[in-house]
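What the coordinates show
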Amino acid sequence: IPSPSNFIAVLADTLVAGFNPFGGNWLEAPGPHELERITIGWIAEACGFPAEASGLFVSGGSMANLTALVAAREARGVDPREATLYVSDQTHASIAKASRVIGFPESALRVIPTGDDFAMRIDALAAAVERDRAPFAVIATAATTNTGAVDPLESIAELCAARGLWLHVDGAYGAAAMFSDRARGALRGLERADSLSLDPHKWLFTPYECACVILRDGSRLADTFARRADYLRDVAGDEPDFQDMGVQLTRSFRALKVWMTFQVFGADAIAEAIDAGIARAEHMASRVEAMDGWSLAAPASMGILAFRCDALDDDAHAALVHRLVDTHEAMVSSTVLRGRRWLRACTNNPRTTDDDVDRTLAALRRLAG
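What comes next is a walk through the structure. (Residues numbered from 1 in each chain as written. Predicted model: local features only at pLDDT ≥ 70, side-chain atom pairs only at ≥ 80, totals over all residues. Heavy atoms only, no water.)

Describing the state of the cysteines
Using the following cut-off: Disulfide assignment relies on a single distance test, namely cysteine sulfur atoms paired within 2.5 Å. The buried label applies to any residue whose accessible area, calculated with a 1.4 Å probe on protein chains only, is under 20% of its type's maximum; exposed applies above 50%, and partly exposed to all values in between.
A full pass over the atoms with the stated rule returns zero disulfides. Cysteine Cys160 shares no disulfide, and the gap to the nearest cysteine sulfur, in Cys47, comes to 18 Å. Its relative accessible area of 3% is what places Cys160 among the buried residues. Its sulfur unpaired, Cys346 is 17 Å from the next cysteine sulfur, which belongs to Cys210. When its relative accessible area of 18% is taken as the criterion, Cys346 is described as buried.

This is the structure in structure tokens:
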């Protein structure tokens, strides 16, 4: 998924590099601390979280997911050797990596199949939870990397509430669509999550590195991570510092580029840019459907489309990716779905046009022979 940055956010990163504020505690950099708190509050509110929600900026979705799972493990007091986490066959690989890092064996991950739309099957999830001895958490996805599929968040939230399971939503890419009136309906139920990851460096148009993790009960972060060293007693205040809410003590001021993006462009412009990405993928899908001998893996979703040329085998599709890059005209990637290789496009850059999409497809059609 590309990171279509903006020039104001680049300026913000330049200011942060120049002034070099310490992002760990309020005493050493009260302005940056307050801006991070305010900006996290905007995102949490847009995602429907309650006032007691809290979070912080981290490097990327992988660290956001890890931070949330550690907090979940501590909040529920589970034994990683016995607890079970539920993921779909489209869940991002960072979840498996995070679970291993924090002590869950590979056997703790229960992979739930997806339907024709590549979203987690709620019936299969319910059956797996019923069978298992120690169900702990469900990791739902708000826009998978492969196809942009959104798991049935409302139904999953209902199941988690009934069974007392922690619900983490990996919204690294798609959760930002909560800022869009058009797309918000597809994410119904996200607001019921216990924890959420969201990457501003994807669909809020800021430079790398910039992700955030938000917990419904914000106090869980400090409960999990706060460790007061003797040399930090002078900076202790009434409220937890960001150094007490995550893995990092030394941390940069990532919030400024998000805060300045909203201040300069406004939430409406950001929503329009998100909508444009969704519309581009839908336009691309309509063009592929009109091409003889080409197929879609699923309808366009959240600015992502997977498609293929029916006449080509998997190796030829892999080669087609590189042949397109060699033209210096455009780039698509590829992925594997149900054992077959598909081309994949993500149109989340608001500077991409319908003409760009049409030229890309024309080039692919030409190169495919």
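Here's the deal with the sheet that holds strand 5 (residues 166-170)
Either a parallel or an antiparallel arrangement is found when strands of a sheet pair, and the pairing is made through backbone hydrogen bonds. Stated formally: A pair of strands is considered paired only if DSSP assigns at least 2 bridges between the two. Under the scheme used here, helices are H or I runs from DSSP no shorter than 4 residues and strands are E runs no shorter than 2 residues, and both carry numbers assigned from the N terminus. Lines fitted to C-alpha atoms define the axes, with helix axes restricted to the stretch in contact, and inter-axis angles between N-to-C directions lie between 0 and 180 degrees. Working rule for contacts: check all heavy atoms of both residues, and any pair within 4.5 Å makes them a contact.
Taken in spatial order, the seven strands of this open sheet run 1-7-6-5-4-2-3, and their pairing is mixed. Edge positions in the sheet fall to strand 1 (54-58) and strand 3 (109-112), since each has one partner strand and no second. The average angle at which neighbouring strand axes cross in this sheet is 20°, direction not considered. With four bridges connecting them, strand 2 (residues 84-88) and strand 3 associate as parallel partners. Counterpart to Val87 in the pairing with strand 3 is Val111. Contacts from helix 6 (residues 153-163) reach strand 4 (135-141) and strand 5, with the element oriented near 170° to strand 4.

Here we look at the packing of helix 11 (residues 314-326) against helix 12 (residues 354-368)
When two helices pack together, their arrangement is captured by the angle between the axes and the distance separating the axes. The condition is simple: Under this scheme an angle from 65 to 115 degrees is roughly perpendicular, one under 35 degrees roughly parallel, and one over 145 degrees roughly antiparallel; angles in between are oblique. Should the near helix be turned anticlockwise from the far one by less than a right angle, the crossing is termed left-handed; should it be turned clockwise, right-handed. Side-chain classes follow a simple rule in which Ala, Val, Leu, Ile, Met, Phe, Trp, Tyr, Cys and Pro form the nonpolar group, Asp, Glu, Lys and Arg form the charged group, and the remainder, Gly included, forms the polar group.
Closest axis-to-axis distance for the helix 11/helix 12 pair is 10 Å, and the angle between their directions is 120°. With respect to helix 12, the axis of helix 11 lies oblique. Two packed elements cross with a definite hand, and for helix 11 against helix 12 that hand is right-handed. Of helix 12, the residues touching helix 11 (which contributes Leu320, Arg323 and Leu324) are Thr360, Ala363, Leu364, Leu367 and Ala368. For the contact of helix 11 with helix 12, the residue count by class is six nonpolar, one polar and one charged.

Here's the deal with the pairing of strand 9 (residues 304-309)
With six of six residues buried, strand 9 lies mostly within the body of the structure. Residues Ile304, Ala306 and Arg308 line one face of strand 9 and the alternating positions Leu305, Phe307 and Cys309 line the opposite face, and both faces are buried. Note: strand 8 (residues 294-296) against strand 9, three bridges, orientation antiparallel. Each bridged residue has a counterpart across the sheet, and for Trp294 the counterpart in strand 9 is Cys309. With four bridges joining them, strand 9 and strand 11 (residues 340-346) adopt antiparallel strand pairing. Across the sheet, Leu305 pairs through a bridge with Ala345, a residue of strand 11.

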